[in-house]
Structures are given as C-alpha cells and as structure tokens.
Amino acid sequence: MGFYFMSATRGDSRKPGSYFQLERVYTGPNIHSSDPVVRVSWNNGFLKKRSFFESLSVMMEASASWVELLDTDAELDPSDVALAVGTFLTNWSWKILNAERGFVKSHGSQRDGERVISWIGYHDPTLSLQVLDHAAESIRRLSFDQDWATWFARSTASILKICRVKHPDYQAKFLMQAADALNIPYFAVPSMPRCWQYGWGRRGALSFETGIAENSYLFHQTARNKPETKAFLRSLGFPVARDCVVRSQAGLSRARRRVGFPCVTKPVDGKQSRNVTVGITSPDQLLKGFEEAWQFSRGRVLIEQMLQGDVHRLMVVRGEYLCSVRRVPASVIGDGISTIEALLDEKESNRLADPAKALYGYAVPRNDEMKKRLAKRSLSLDSVLPENFEYHLFDLPRTSLGSTLTDVTNITHRDVKQMAMAIAEAMRLQCIGIDYISRDISLPPTSTCGFLEVNSVPSIQIPLVAGIKHEKCVKAILGQRAGRIPSTLKIVSGDEFKAHKQPEEKQHGEGWVWGQTCGIGPMKLVPKTASTFECARTLLMNPRVQRIDIVTSVDDLVKNGLPLDYFDHIAFPDGSTTIPPDWQALLQQMMGGTADR
C-alpha cells in the first residue's frame, strides 16, 4: 500500500518512507488481534540506530504528563535494538491514543524474519498511523534538535487535540468499557458523529453519549432550555424554585422582586454548572452574576431562587429508578495542624485508594478559581484550618472540580423516587438525570425542596464515581435486548466468490452478504462502499435483521480480517482451497457453535 508519511515539520529533510510501510488496515478480527488494527513494517535502517534506543528513556520522561509509565520499558531487549525501538514506539503510541478519550485495546510488535512489524488498534486508522509517525519523528529529532523538548510538547499536544475530536466522547468510552466486559459488540454509526450502536440488528441499541434513541426529540430539546423545563414541571405540580428570565440589565429589578435573595444566576442554555453564580445577596452581586452568565447565554439569563440544601442527581432509565447521588462541592476538614495543601494531598491519596474514584473521578484542581475563593477569606494553600472545620473549596459541586459524590439511593424517600419516575414518563425520556435540591433526601418533598433541571443526556460519570457498578449502569442504559443475533460464515473459493451468485431465496428478517452485495430477505441493499465489512455493518444497523449469513473468500478474509467478531456456525471450503494455519486458528476462536469442513 506504499510507505506512510505525514506532512514534514518545517526544516525536516526526511524522505517519504523513512519510518514504516503500511501493510494492512484490518477492519475486523485478524491474526494479531480480535479488534480492527493497522499493521506496519518498520524501516530497519531507521530502527537499528542504537542512539534511538538510548533516547527512549528521555522520551518516556518527557511524556509523563500525558501517559502513565510505559509498562514495556522493562521488557525491552537491548540485544535486538530494532525490535526494542519498534516495541517502544508502538506502545507509546497506544498510550497516547488512550490518553484522550480513546478505547484502543490492541497493540504489539514482533519479528517477521528480518523485518519488525507492529500493529495498533484504532477508532480512526489515519489517526493511529499519524501517532505512530509522530512517535518515530520524536525519536529521530532527539539526536539533533536543540529545542526538542519544546517541539515535543507542542506537537504532542496537537496530536492529543486531534484525538479529542476523532475519538469517542468520554460518556461513550464508559459505555464501551462496560459493553466490552459484558461481551456486547459495538460500532460507530457512519455519518452520525458521537453516535454508537451496541448490539446487532434487532438486538441493537443506538446511543448518543448516554442519550437513548427512544428519547423524545421534543423533550430532549425542552430539557436544554431551563426555563421551559421548569415551566413544564411546574404545570405538572412538581416543586421547583422561583425564577425569572432576564434579557437585559433593566430586568434585574423585576427579577429581584419576583425571586428575592439569596438567588442564583445561570445561562438559560448552559450545562455542567458553568458560568453559574450562587449565594447572591445584593444588587451589586446580582449585576455581576448577570454579566458572568450573559457572556455565555443566547441573549437570556435565568435568575433563580436559591433553595437551601444539597444538590442530588436522580437517574431514571427505561422507566426504572437507577440511583440518587448527593453532590457536594470539594472540601477539606481541618485538623489544626496540616495546611490546606497537605489536606489536599491526603484527599488525593484517599481518592486513588478507592477503585471507583481512582478510575472515574477527578483530582481536586488547585486552580485560580480555588485560590481566588481562598483569598476572599484571607486564606491560601499554606493556611491551617481549625480542627473539625470543614471548608468548601468551590461554590458548585462540579464533577470536574473533584466534588464529593455519595450514593444515597437507599435512603431516598419513595415520594422523591416516584416524582422522578413521573417526570421521566411525562417527558418521554428513556434516560434522564434530574437535579433535585433538598436538606434531607430521606424526607418527602416540601416547599423548601425543588427540582432544578433535567438532563436528557446525563453524565454516567456521576453514578460511577459514587460507587454504582459500571455494568449495572450500562445494562440499564442499553436495555436487556442489546446483544448479538445468530450469524453464520461461509468461506468459498476465489472463483466462486468472484461469481457473485445471488444466494438462495431468503425470508424477511434474514440478512445476507455475498462478497460485495447484501440484502434483507428478497430486498437487495446498496452499501456505502463495496466491501464485505461495509455490507455486514449495513445489515447490523438495520433493526429488521434477525440473523445474518455471510459468504466471503479466503483472500478477502486474509486481506481485511473477519467481518464479525463471532459466528455461531462456520462452513469451511473444500480441499481445493487452503486457509493459512494462523487464520484457521483465528476462525476457531471466533466460532461459538459448529463447523462444516
């Protein structure tokens, strides 16, 4: 397929093909991995430079802010410099791909005679190749670039920025991780950014982040507008905070009379509690809060009564109550001896010791926002708090600011749960996160409690950090039906494959693939591109498909990989067609049922 070569950096004199040659883009299971991968063969003249091997530790140390310590470092064999360098570069690339939203599982390197070959998984094959190329260029530049550290930091940051755009959002990544553990297949939906399908055919579940395809579009849009949502909830008799929408500073007096103090200002269409000001008690503070929200709102600012109590995230999924999570701004409790800095260090150690919080949560950032809040109270990170004095480091319980999240599902009053389920049903939302404020969630709702807003694409991170089981959350979101449908694979000779014979008549609901053509029952479809993989994906996206039968050739199999990662039945070719031994072994692994030989 020719040598792969990224655009040269200014002043770079290297020639195309100086690093590696792209050999295969496997779209399905292959002899290296059960996942799609790209495979390259390295230029031995490039890899064998011992100076590169000696530079690996420098590159690893420079990468510490992006990736964890590279776990293959101790396994690198200095007696085979080419393999050692190829292994390091591939592992480094894999770590970088996963550093920004990636869920790339496969990577590896090995000797193939005189060559060193490597493979690495992908969400976007071009991006994985770009990261490999960047890794190789980074090692090469170490030998001559006096300002290597600056170049490396800038160019790696650019690579991570591209990863953020082309990789799944963090919500989808959480779903993928659990789906993988539950053996539920998933794939990206073409031409629908950030949309993924979990399961096949009639057992498929479409999801936009955590937004379920069955959600009402009307109420999905309503949920994005806080005043409209609250007006709807109020019309149904649910308790909500008083509010007023203001379009200019002239409306602040009216809002103050209607809402009173203390109050809150927030953008009408904001999210993640950004640009929200709480605890407003004077006209001057109200004006400042309005100006803060106005910068990030579409011409309207919401002035809202500030109810007293803790904010709780109530989640209802597919008509069932999933959980209640209390959300409290990050805080530290003084001991009369330790500084706030030392208390934060201890807090971070405790977080890392908790598996759920370490995996899904955030460290408390020691940012300007925290330092300004401390300064307003004549405090700093070097201050010592009195014993048993709890100090909140931020005003809002944002997850990204290391807020304390606690599972309070078992003590939530039944009326609160019933109201949450009634809201989900009224808004026709199959997955919903509702923010509810109360001093004591074990008590029934009163005039001092209230529903604040509704999220039709709620963060799954909140229940995960609170300790709700990952698989429980994902099973609820995807539903019971997400899974595989019956599948068969028939491998034919090259001549038979090229003949493109129309398969025997199929029943409605039976999906079929023959080479580069496909259909459902008697209905023939036109896939986006002519390939076995694309034909299979076309069928798996269709909820009418109850089973899928695929016919392919050995050549197509070896070139592109298997079209699926599992088959109930595989029919092998007759003795006139030979399957390479390593591919035979792969087919045995991918088969869960019977085989015809």
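For the structure, check the block above.
Not measured: the values here are computed from a predicted model. (Residues numbered from 1 in each chain as written. Predicted model: local features only at pLDDT ≥ 70, side-chain atom pairs only at ≥ 80, totals over all residues. Heavy atoms only, no water.)

**Q** It is not clear to me how the overall build of the protein should be interpreted in this structure. Could you clarify?
**A** The secondary structure content of the protein amounts to 20 helices and 27 strands. Along the first, second and third principal axes, the C-alpha atoms of the protein reach 85 × 65 × 40 Å. Evaluated residue by residue, the protein yields a buried proportion of 52% over its 597 residues. Residue pairs in contact within the protein that sit at least 24 positions apart in sequence constitute 67% of those at least 6 positions apart. Summed over all atoms, the accessible surface of the protein reaches about 27800 Å², with 50% contributed by carbon and sulfur. Averaging the locations of the 73 positively and 65 negatively charged side chains of the protein gives two centres separated by 7 Å. (Helix = DSSP H or I, 4+ residues; strand = E, 2+ residues; numbered from the N terminus. Buried < 20%, exposed > 50% of the residue type's maximum accessible area, 1.4 Å probe, protein only. Contact = heavy atoms within 4.5 Å. Areas by Shrake-Rupley, 256 points an atom, 1.4 Å probe, with all protein chains shown as cover. Lys, Arg positive; Asp, Glu negative; His and termini not counted. Charge placed at Lys NZ, Arg CZ, Asp CG, Glu CD.)

**Q** How do you make sense of helix α5 (residues 148–166) when you look at a structure like this?
**A** Note that an α-helix has 3.6 residues per turn; residues three or four places apart therefore point the same way. In this model α5 runs 27 Å from its N-terminal to its C-terminal C-alpha over 19 residues, within 8% of the 27 Å that 1.5 Å per residue would give. W148, W151, F152, S155, T156, I159, L160 and C163 are the residues of α5 that are buried. In a view along the axis of α5, the buried residues occupy a sector of 160°, so they form one face of it. Away from its buried face by more than 90 degrees, α5 exposes K161 and V165. (Expected span 1.5 Å × (residues − 1). Arc of directions from axis to C-beta.)

**Q** How do you make sense of the pattern of salt bridges when you look at a structure like this?
**A** Opposite charge on two side chains lets them pair, provided their charged atoms get close. One pass over the full model with this rule turns up 28 salt bridges. The residue R39 makes a salt bridge to E23 at a minimum N-O spacing of 3.0 Å. Placement of R39 in strand β3 (residues 37–42) and of E23 in strand β2 (residues 20–26) is noted, with a sequence separation of 16 residues between them. Like R39, the residue E23 is buried in the burial classification. (Salt bridge = Lys/Arg side-chain N within 4 Å of Asp/Glu carboxyl O.)

**Q** Looking at this model, I keep getting lost on unusual backbone geometry. Mind explaining?
**A** What you tend to see is this: most non-glycine residues have negative phi, and most peptide bonds are trans. The omega angle of the peptide bond from F261 to P262 is -5°, so this bond is cis rather than trans. Tracing the sequence through the fold places P262 in the loop between α9 (252–259) and β11 (263–267). Backbone geometry places R318, a non-glycine residue, at a positive phi of 50°. For R318, the location among the structural elements is in the loop between β14 (310–317) and β15 (320–328).

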